[in-house]
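Structural characterization, general
Listed below are the residues making up each chain.
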There are 2 protein chains.
Amino acid sequence: MSVSVREVAALAGVSVGTVSNVLNRPDKVTEATVVRVREAIEQLGFVRNDAARQLRAGRSRSIGLVVLDAGNPFFTDLARGAEARALRDGLAVLLGNSDEDAERERSYLELFEEQRVAGLLITPVGHVVPRLERLRERGTPTVLVDRQAENATFSSVAVDDVAGGHMAVSHLVEIGRRRIAFVGGPAGIRQVSDRLEGARRALAEHSTVTIEVIETESLTVLQGRAVGEAIRARPKSERPDAIFAANDLLAVGLLQGLMILSDIRVPEDIALIGYDDIAFASSSVVPLSSIRQPSALIGSTAVDLLLREAATTGDFAHEQVVFQPELIVRASTSTTVASSDE
Amino acid sequence: MSVSVREVAALAGVSVGTVSNVLNRPDKVTEATVVRVREAIEQLGFVRNDAARQLRAGRSRSIGLVVLDAGNPFFTDLARGAEARALRDGLAVLLGNSDEDAERERSYLELFEEQRVAGLLITPVGHVVPRLERLRERGTPTVLVDRQAENATFSSVAVDDVAGGHMAVSHLVEIGRRRIAFVGGPAGIRQVSDRLEGARRALAEHSTVTIEVIETESLTVLQGRAVGEAIRARPKSERPDAIFAANDLLAVGLLQGLMILSDIRVPEDIALIGYDDIAFASSSVVPLSSIRQPSALIGSTAVDLLLREAATTGDFAHEQVVFQPELIVRASTSTTVASSDE
DNA sequence: CGCCGATTATGATACGTTTCACCCTAACGC
DNA sequence: GCGTTAGGGTGAAACGTATCATAATCGGCG
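Before going into details, it helps to say that this report is about the structure given with it. (Residues numbered from 1 in each chain as written. Chains lettered and ligands numbered in written order. Predicted model: local features only at pLDDT ≥ 70, side-chain atom pairs only at ≥ 80, totals over all residues. Heavy atoms only, no water.)

One frequently used descriptor of interface size is the decrease in accessible area upon assembly of the parts. Each side of the interface is counted separately: chain B has 48 residues, and chain A has 48 residues. With both chains or domains summed, chain B and chain A bury close to 4200 Å², and 52% of this area falls on carbon and sulfur atoms. In this structure, the connection of chain B to chain A is made through seven salt bridges. Here Asp69(B) makes a salt bridge to Arg80(A), at a shortest N to O gap of 3.2 Å. The tally of links from chain B across to chain A stands at 24 residue pairs in polar contact (both at pLDDT 80 or more). Secondary structure elements with two or more residues in the side of chain B that touches chain A: helix H4 (50-57), helix H5 (73-88), strand E2 (92-97), helix H6 (102-114), helix H7 (129-137) and helix H11 (248-259) of chain B. Here the side of chain B that touches chain A is built from residues that sort into 19 nonpolar, 13 polar and 16 charged. (Contact = heavy atoms within 4.5 Å. Buried area = accessible area lost by both parts, 1.4 Å probe. Salt bridge = Lys/Arg side-chain N within 4 Å of Asp/Glu carboxyl O. Polar contact = N/O pair within 3.5 Å; in protein donor to acceptor, adjacent residues only side chain to side chain. Helix = DSSP H or I, 4+ residues; strand = E, 2+ residues; numbered from the N terminus. Nonpolar A, V, L, I, M, F, W, Y, C, P; charged D, E, K, R; others polar.)

This is the structure we're talking about:
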């Protein structure tokens, strides 16, 4: 059925070893032979079998990336950054979408483990550290993405979410808001709890400000819309005067839920700030204030760390990279400014 | 280094064949033996080597999916649909992003071919038919996605883009627009040319309406913004009174480019309609009219066709599924209606 | 002309799994 | 008690590649 090196070798009148050399180290083979083998390959339509190659090599040329939500532009940008960086070293990136679900996460880890990936990038949901440690023992380096490793036992690249939460809420307070709602969840997700923690710290500096936490099942537009509608249904006096959403998807959904068929004005009645600064944030109904993260840079840096860790034999080289987020103010939190966007 | 079935077998005191049976057909093995083997697996931390498995099987348990733009929600939704359907048959989906670039597309095809994927889903950019035919000869079925196969030589699942283009422009004409601009590109992409074709047909029915084609390099927010700014820079009299964007990403960008620091009103001065109806369309500055496609359904149907084709031995079973798009009217094309959204 | 080193080519081997033809044993029917 | 059968288990073979020790070839030089 399938064409193998053996048949190529036969047609070209050389040994299989030579064919392999043409494929992998053409400089070690005479020009004339190279040509002859290449012709045979062409003629037979030979395509190298990656499974055999991997089996022999003991390791694949791919790295696995498990993200929380492949539909979130923040993660697609991150993936794009990772892919570009990996490509420079001839590595492919396998993308897995855990959808914030520990079970799905586990099944992707299993898949990647069976594939003997060259490395693993993950934004963890469940309790995966033991599994990751097992992987490491096998020689598969792991880098935690968008999440700081608590005990420096893994390399990680993250953005300071506590600082980001602090920024967001400080900003809301500065524009005069006092009844703030935090919308996000599930609470088990580190990014969410850190952003909330930052928000709380900002509050601690202003005793007159209160915060209400509204937990969601996931960080999606749909969930945001549901919460928005719930808030809209409240009597005016019980509504917050500002909302800090744990990400932009929620914020966009909130905007829909709050404004549709409603007299609520954003930001006049309720100011709104999101997180991630996805490309759509600047063009939503009311352009969205947000906390910007360098998504593509996170991805490429993660691959960088991964490769560095893979190259190091002594395994005490765990690096923790932490980027600082940036406040982007747009119309959703500014009554006066005519946002000039970017 | 790595643990193999052999060592598991040794520890459990059985043969390798039995271990394999426990892994793949546990019902064929005595309960007691199963337990013993499972314990050995656990104890040694054995993880099945997928490369060896594939090598033996001759085929992988993954299907490849090559899309035009992994950052476009239309395609992430499509991918999600495909993944969910594939999972039901125990298949993984490998996602490749061609970024509308023939070279990248080629390299993903090569990768998938080397991986001996069980099947291929592709939204083609370049001239890939010969390569796909070669794949088919090898026994790898292919389904064209979001693109009708011209000569019924491949299975395909698509949406009638000509009809969609017709819908969009008919709608613009109906609300009284006469100077229409079509924004999209590159022209080589079938979806773009079909939508334009549909637009032209709609025009043919109204001799007083003119169309201007503005070609873009890609279908992204950035490109849309650039075109929007170019239109904004024109003298008022030379601006179109309606724009049909080849997808929502462009439309969102156009919205940004047209409205920022500008007195142009949408839809009063320029009506705007996009294509795909991504989740963000309903929550943009001006909620966007669009042509809706059943993205997840396209993905799952494509996998369906793929599996059906893979099951068929006689190879004359190419099916062409064509869905009809749906016009979604929102504020960007309606001066009067206070959009009730969904 | 013969020797040597360098350059090329060879081909057996191993990677870890699944499969399949075969063996063993115990139970069953007659 | 013997033949038959079925259920469990065995282990060698094969999948297609890369590697590496070995062999062949060549050119140059003494």
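Attention now moves to the protein's contact with DNA strand C. In the vicinity of DNA strand C lie 24 residues, with Ser15(A), Thr33(A), Val5(B), Arg53(B) and Arg56(B) positioned nearest. Each atom of DNA strand C within 4 Å of the protein was assigned to sugar, phosphate or base; sugar and phosphate come to 67%. Between Arg53(B) and DNA strand C, the recorded distance is 2.7 Å, taken from a side-chain N or O atom to a phosphate oxygen. Counting residues per element, the ones that place at least two in the surface near DNA strand C are helix H2 (16-24) and helix H4 (50-57) of chain A together with helix H1 (5-12), helix H2 (16-24) and H4 of chain B. In terms of residues, the surface near DNA strand C owes the most to one element, H2(A), which gives four residues. Its residues assigned to classes, the surface near DNA strand C comprises seven nonpolar, 11 polar and six charged. (Near = heavy atom within 4 Å.)

Residues and elements named next belong to chain A. Taking 1.5 Å as the rise per residue, helix H8 (residues 161-174) with 14 residues should run 20 Å; its terminal C-alpha atoms sit 20 Å apart, in good agreement. Among the 14 residues of H8, 10 are classified as buried, and the element is accordingly described as predominantly covered. Taken together, the buried positions of H8 are occupied by Asp161, Val162, Gly164, Gly165, Ala168, Val169, Ser170, His171, Leu172 and Val173. Where H8 begins, the capping side chain belongs to Asp160, and its oxygen is found 3.2 Å from the backbone nitrogen of Val162. (Expected span 1.5 Å × (residues − 1). Buried < 20%, exposed > 50% of the residue type's maximum accessible area, 1.4 Å probe, protein only.)

This paragraph deals with the relation of the copies chain B and chain A. After a rotation of 180 degrees and a shift along the axis of 0.0 Å, chain B superposes on chain A with an RMSD of 0.1 Å. Seen this way, the second copy is the image of the first under a two-fold rotation axis. By residue overlap, the copies meet face to face through one surface: 100% of the interface positions of chain B are interface positions in chain A. (Least-squares fit on C-alpha atoms with pLDDT ≥ 70 in both.)

On to the packing of H5(B) against helix H12 (residues 295-311) of chain B. All names here are of chain B. Two elements in contact, H5 and H12, have axes separated by 6 Å at closest approach and are oriented at 40 degrees. By the angle between their axes, H5 is oblique relative to H12. Handedness of the H5/H12 crossing: right-handed. Every residue of H12 that contacts H5 at Phe74, Asp77, Leu78, Gly81, Ala82, Arg85 and Ala86 is listed here: Ser295, Ala296, Ile298, Gly299, Ser300, Val303, Asp304 and Leu307. Looking at the contact of H5 with H12 residue by residue, the classes come out as eight nonpolar, four polar and three charged. (Axes fitted to C-alpha atoms, helices over the stretch in contact; angles between N-to-C directions. Parallel < 35°, antiparallel > 145°, perpendicular 65-115°, else oblique. Left-handed = near helix turned anticlockwise from the far one by under 90°.)

Now for the nonpolar core. Leu121(A) and Leu121(B) are the most contacted members of the largest nonpolar core, which has 145 residues in total. Beyond its immediate sequence surroundings of up to four residues, Leu121(B) is in contact with Ile63(B), Gly64(B), Leu65(B), Val66(B), Ala82(B), Val143(B), Val145(B), Ala302(B), Val303(B) and Leu306(B). (Core = buried A, V, L, I, M, F, W, Y, C linked by side-chain atoms within 4.5 Å.)

Turning next to the protein's contact with DNA strand D. Near DNA strand D there are 22 residues, and of these Val5(A), Arg53(A), Arg56(A), Thr18(B) and Thr33(B) occur at the shortest range. In DNA strand D, the atoms that sit within 4 Å of the protein are 68% sugar and phosphate, with bases accounting for the remainder. Mapped by element, the contributors of at least two residues to the surface near DNA strand D are helix H1 (5-12), H2 and H4 of chain A together with H2 and H4 of chain B. For the surface near DNA strand D, the residue count by class is six nonpolar, 10 polar and six charged.

A word on the pairing of strand E8 (residues 242-245) of chain A. Each regular strand displays side chains that alternate between the two surfaces of the sheet. Residues and elements named next belong to chain A. The two faces of E8 match: Ala242 and Phe244 on one face and Ile243 and Ala245 on the other face are all buried. Both strand E6 (residues 179-184) and E8 contribute to a ladder of four bridges, which runs parallel. If you follow Ile180 over to E8, its bridge partner there is Ala242. Pairing geometry for E8 and strand E9 (residues 271-273), over three bridges, is parallel. Residue Phe244 lies in a different strand from E9, and its bridge partner there is Ile273. Handedness of the crossover is the feature at issue here: the chain leaves E8, passes through helix H11 (residues 248-259), returns alongside E9, and the resulting connection is right-handed. (Pairing = 2+ DSSP bridges. Right-handed = clockwise from strand over helix to strand, strands pointing away.)

As far as function goes, none of this settles anything; it's purely spatial.
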